[in-house]
Structures are given as C-alpha cells and as structure tokens.
Amino acid sequence: MSRDLLLLLEPGFSRPDHPAAQGFVCPHSTLLEGLLAVQPALAERIEIRRLPFPRPRQPVIELVGADNQALPLLLLAADSPVPPQAAQHQGRYFLQDARQIAAYLAEQHAAYHL
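Residues numbered from 1 in each chain as written. Predicted model: local features only at pLDDT ≥ 70, side-chain atom pairs only at ≥ 80, totals over all residues. Heavy atoms only, no water.

Draft legend 1. Local environment of the sheet that holds strand β2 (residues 47-51). Ordered by their spatial adjacency, five strands build an open sheet running β2-β1-β3-β5-β4, and the pairing between neighbours is mixed. Looking at which strands have only one partner, the edges of the open sheet turn out to be β2 and β4 (87-89). With strand direction ignored, the average angle separating the axes of adjacent strands in the sheet is 30°. Relative to strand β5 (residues 92-95), β4 runs antiparallel, the two being bridged by three bridges. The residue of β5 that forms the bridge with His89 is Arg92. On top of the sheet, helix α1 (residues 27-38) reaches β1 (5-9) and β2; it is set at about 125° to β1, its chief contact. (Pairing = 2+ DSSP bridges. Helix = DSSP H or I, 4+ residues; strand = E, 2+ residues; numbered from the N terminus. Axes fitted to C-alpha atoms, helices over the stretch in contact; angles between N-to-C directions. Contact = heavy atoms within 4.5 Å.)

Next up, the structure:
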C-alpha cells in the first residue's frame, strides 16, 4: 500500500433496528467527509473507500482483523509516520478515532491545518 487509506461508512444507510425508509449517516464519517469537502486536494493524496454499514465488513477484516471493524478507519501506508495513538494489527498501523484521523490527515496531507 503506497498511500494512506481512509475507510468511511457510505452515507444514507439503513439500520435493521429502524424502519427501512429511514436513512442514517455516521457522525464520525461525516466529520471526515466535511474535511474532504473543504480540502478537495486531500482526496488526491490518500485513497478513500466508502463501505456499506452491515457487518461483517470483510474488506476491513482483511486489513485489520475482525475486532477492528468500526469505521471510520485510517490505515497508514508502510512509509507513513506512525503517531503514538495508532493501533496495530499484524504490522499494520491504523487510527479509528475521527478527531485523531482528522488531525493526522491535516498534519500530513492537507493544505490547511486544524
């Protein structure tokens, strides 16, 4: 993996515990969508994937294991700086807190800093 990978939940998902016509957004993914909206060049510097809500989230499991399916998630490229708060799974470092992800992206990749 040559670039950091940001995994977000697709907006407008439904939840099995609510009426099917009711759509939802993830507040944590939405925070990062806002960062991407105000800094569009950021999307050119990292890879972004939006995943469906239901679990199991096989693409996430393959990257960081079944215990780390919560989104958003930023998987750091092998040559990216590793912040002290990063978690690790089989030698891969990642962040799962939206504020930590936003701060990291702003510091490492963005034109504007938080």
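Next comes the rest of the write-up.
Draft legend 2. Spotlight on the side chain of Ser29. Looking at where Ser29 falls in the secondary structure, it is placed in helix α1. Note on Ser29: relative accessible area 2%, which makes it buried. Setting aside chain neighbours within four positions, we find Ser29 in contact with Leu8, Leu9, Leu71 and Pro72. (Buried < 20%, exposed > 50% of the residue type's maximum accessible area, 1.4 Å probe, protein only.)

Draft legend 3. Representation of the pattern of salt bridges within the structure. Counted under the stated rule, the structure contains three salt bridges. Close ionic contact of Arg49 with Glu47 constitutes a salt bridge, the shortest N to O distance being 3.0 Å. The exposure class assigned to Glu47 is partly exposed, which follows from its relative accessible area of 26%. (Salt bridge = Lys/Arg side-chain N within 4 Å of Asp/Glu carboxyl O.)

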